[in-house]
Structures are given as C-alpha cells and as structure tokens.
Amino acid sequence: MASYLLLAAGSGRPRFKTVLWISLGLTVLFVFITSELLLVTDYRMYHAYRLQVIADRQLLIPHTLAGIIALLAGPLQFSSRFRQRYLTFHRVLGRLYVIAVFVGSFTGVALAAGRPGLPGTSMQAAAWIVCTTAAFVTARNRQIIQHRQWMARSYAVTFTFVSSRVLNLWPRYWSHLGDSFSAVGVIAFTLASLLLVDLGLNWKELTTRG
C-alpha cells in the first residue's frame, strides 16, 4: 500500500490521489477500531498486551504521539497544491515530521530493550531514521526529486505501524505468536514496504523499453 503512495505523490491524476488517500484513511480507521479501541475495552485476546501497554505507558505515550504526528503529516506533505500555496508551513511541518520520526524511533527501541522484539524494532527504527535523514538532507540541498523519493520511503516505514496491524484480529497472525516471531514480522513489513516503494519509483523504467 505504501508503494501506491509514492505513485500518487508523483502522479498528476487527482482522482487517483483521492482514491489512494481515502483507502489509506479507511485502513487507519479500521486498525484504530480493531486494535486501539479493543485494547481500551480490554478485549480478551489483547488482555496480556494491554497489561504490557499499561506498564510501558511512560515511553509508549511519547512514542505513540510521535507516530501519530508523522502519520498525519504525510498527506499534507505529499500534496503538491498545499506545498505550492503554503511553502513555509510545508517546511515547518517537514521539520516537525523529522523530530517525530527521531522521537518515535528512539522511544520504540527503548520500549523493546531487553525483549526478543529488539532486533526487529531496531531495524525498523534504523530504516526510518536513515530514510528521513536522507529526505531532510536532500531538501536542504534543494534536490527536490531525490527529496520526494526519500520522503516516500520514509512514509512507507511510517505506515508500517498501521499496515502491520491490519490482521491483528486473526488469532494466528504473527503478533499473537510471541515476541520473537513479531520481530521477524516487523522486519518483513519494513523491507516489503521499502521494496514496493522502489518498484513504484522505477515503474516507468521497468515497464518501458528504451
């Protein structure tokens, strides 16, 4: 799904963009209902996880807030019309996005410290930081095309926090099979998202003969 985001970001088809963002929004809403609301209501399947969340709340609150900021900033940052009309705000929001990514990454690693899920979380955080830093540096260097490409990769990692929870209600899904398997799932989602984005970036070259 994150790969489609990239295609939309560089596409001139308004209808495609509209359908894309509606689809992403519905995905976020679905995950919010099936994961977060059920977590609050102490859904039986999530009971052990709920106790862990309560214990981790000091780090989890800033981690969650940072993730929400990064997630919500995406649609505005990828809007060509918004960027042209409000360039200063676009830059301010971009810096806020970068800060959110670093806060979310470091708190995520801190939450996973001492647990089997640390390798997966560390890899996800590293990919998030590298892509976001590259996006920031290319923006500072006024390499706009490269900046947009790296932002697409960065937001693909951002959206894995949503896409990796789509199947949470399925009892056999990796998130219910233990922390070790969850770490493998996080790595797989991150790598798949980045791969799909790069396929989208090079789609024209891959489907057109020279």
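Owing to the predicted nature of the structure, the values given are computational and were not obtained by experimental measurement. (Residues numbered from 1 in each chain as written. Predicted model: local features only at pLDDT ≥ 70, side-chain atom pairs only at ≥ 80, totals over all residues. Heavy atoms only, no water.)

Turning to the overall build of the protein chain, a few remarks are in order. When you go through the protein chain residue by residue, the secondary structure sums to 10 helices and 0 strands. Each helix (α) and strand (β) of the protein chain, taken in turn from the N terminus, gives the series α-α-α-α-α-α-α-α-α-α. Here the protein chain has roughly 12,500 Å² of accessible surface; of this, 67% comes from carbon and sulfur atoms. (Helix = DSSP H or I, 4+ residues; strand = E, 2+ residues; numbered from the N terminus. Areas by Shrake-Rupley, 256 points an atom, 1.4 Å probe, with all protein chains shown as cover.)

Together, Ile 22, Leu 26, Leu 29, Phe 32, Ile 33 and Leu 37 make up a nonpolar patch on the protein surface, roughly 550 Å² of accessible area in all. Examined against the element boundaries, Ile 22 turns out to sit in helix α2 (residues 14-40). (Patch = residues over 30% accessible without salt bridge, like charges linked within 9 Å, V, L, I, M, F, W, Y side chains within 5 Å. Salt bridge = Lys/Arg side-chain N within 4 Å of Asp/Glu carboxyl O.)

Let us now look at the nonpolar core. Within the largest apolar cluster, 25 residues are counted, with the highest numbers of intra-cluster contacts made by Tyr 97, Trp 128, Tyr 155 and Phe 159. Going through the elements one at a time, α2, α4 (57-77), α6 (87-112), α7 (118-140), α8 (144-163) and α9 (179-201) are the ones with two or more residues in this core. Here this core takes 7 residues from α8, the largest share from any one element. With sequence-adjacent residues up to four places away left out, Trp 128 is seen in contact with Ala 70, Tyr 97, Val 101, Gly 104, Ser 105, Ser 154, Val 157, Thr 158 and Phe 161. (Core = buried A, V, L, I, M, F, W, Y, C linked by side-chain atoms within 4.5 Å. Buried < 20%, exposed > 50% of the residue type's maximum accessible area, 1.4 Å probe, protein only. Contact = heavy atoms within 4.5 Å.)

In this section: the side chain of Asp 56. Tracing the chain through its elements places Asp 56 in the loop between α3 (47-55) and α4. A relative accessible area of 15% means that Asp 56 is categorised as buried. When sequence neighbours within four positions are dropped, the list of residues in contact with Asp 56 reads Leu 111 and Arg 115.

Another point: α7. Residues three or four positions apart in an α-helix share a direction because the helix packs 3.6 residues into each turn. Over its 23 residues, α7 extends 32 Å from the first C-alpha to the last, a length consistent with the 33 Å expected when each residue adds 1.5 Å. Every buried residue belonging to α7 is among Gly 120, Thr 121, Gln 124, Ala 125, Ala 127, Trp 128, Ile 129, Cys 131, Thr 132, Ala 134, Ala 135 and Thr 138, and all of these are buried. Following α7 by one or two positions, Arg 142 has its phi on the positive side, about 60 degrees. (Expected span 1.5 Å × (residues − 1).)

With that settled, consider a positive patch on the surface. On the surface, Arg 91, Arg 95, Arg 140 and Arg 142 cluster together to form a positively charged patch. Considering the arrangement of structural elements, one finds Arg 142 in the loop between α7 and α8. Among the residues examined, Arg 142 registers a relative accessible area of 70% and is labelled exposed. (Lys, Arg positive; Asp, Glu negative; His and termini not counted. Charge placed at Lys NZ, Arg CZ, Asp CG, Glu CD.)

Working note: a packed helix pair is described by the angle between its axes plus the distance between those axes. Packing of α6 against α7 leaves a shortest axis separation of 9 Å and a crossing angle of 165 degrees. In terms of orientation, α6 and α7 fall into the roughly antiparallel class. You can see that α6 and α7 cross each other, and the crossing is left-handed. Of α7, the residues touching α6 (which contributes Tyr 97, Val 98, Val 101, Phe 102, Gly 104, Ser 105, Phe 106, Gly 108, Val 109 and Ala 112) are Leu 118, Thr 121, Ser 122, Ala 125, Trp 128, Ile 129, Thr 132, Thr 133 and Phe 136. Taken together, the residues of the contact of α6 with α7 break down into 12 nonpolar, 7 polar and no charged. (Axes fitted to C-alpha atoms, helices over the stretch in contact; angles between N-to-C directions. Parallel < 35°, antiparallel > 145°, perpendicular 65-115°, else oblique. Left-handed = near helix turned anticlockwise from the far one by under 90°. Nonpolar A, V, L, I, M, F, W, Y, C, P; charged D, E, K, R; others polar.)

A few words now on the confidence of the model for the protein chain. Here the protein chain shows a mean pLDDT of 83. Residues at 70 or above account for 87%. Across residues 1-12, confidence stays below pLDDT 50; counting only partners more than four residues off in sequence or on other chains, it has 26 contacts. (pLDDT = per-residue confidence, 0-100.)

Within the secondary structure, His 63 is located in helix α4. With a relative accessible area of 15%, His 63 lands in the buried category. For His 63, the side chain forms a polar contact with the main-chain oxygen of Gly 104, separated by 2.8 Å. In contact with His 63, other than residues within four places in its own chain, are Gly 104, Thr 107, Gly 108, Leu 111 and Phe 161. (Polar contact = N/O pair within 3.5 Å; in protein donor to acceptor, adjacent residues only side chain to side chain.)

A pair can form between side chains of opposite charge whenever their charged atoms are brought close. Applying the stated criterion to the full structure yields 2 salt bridges. For the salt bridge of Asp 56 with Arg 115, the shortest nitrogen-to-oxygen distance reads 2.9 Å. Taken together, the residues Asp 56 in the loop between α3 and α4 and Arg 115 in the loop between α6 and α7 connect sequence positions 59 residues apart. A relative accessible area of 31% means that Arg 115 is categorised as partly exposed. Salt-bridge contacts for Arg 153 lead to Asp 198; the nearest nitrogen and oxygen are separated by 2.9 Å. Highlighted residues: Arg 153 in helix α8 and Asp 198 in helix α9, separated in sequence by 45 residues.

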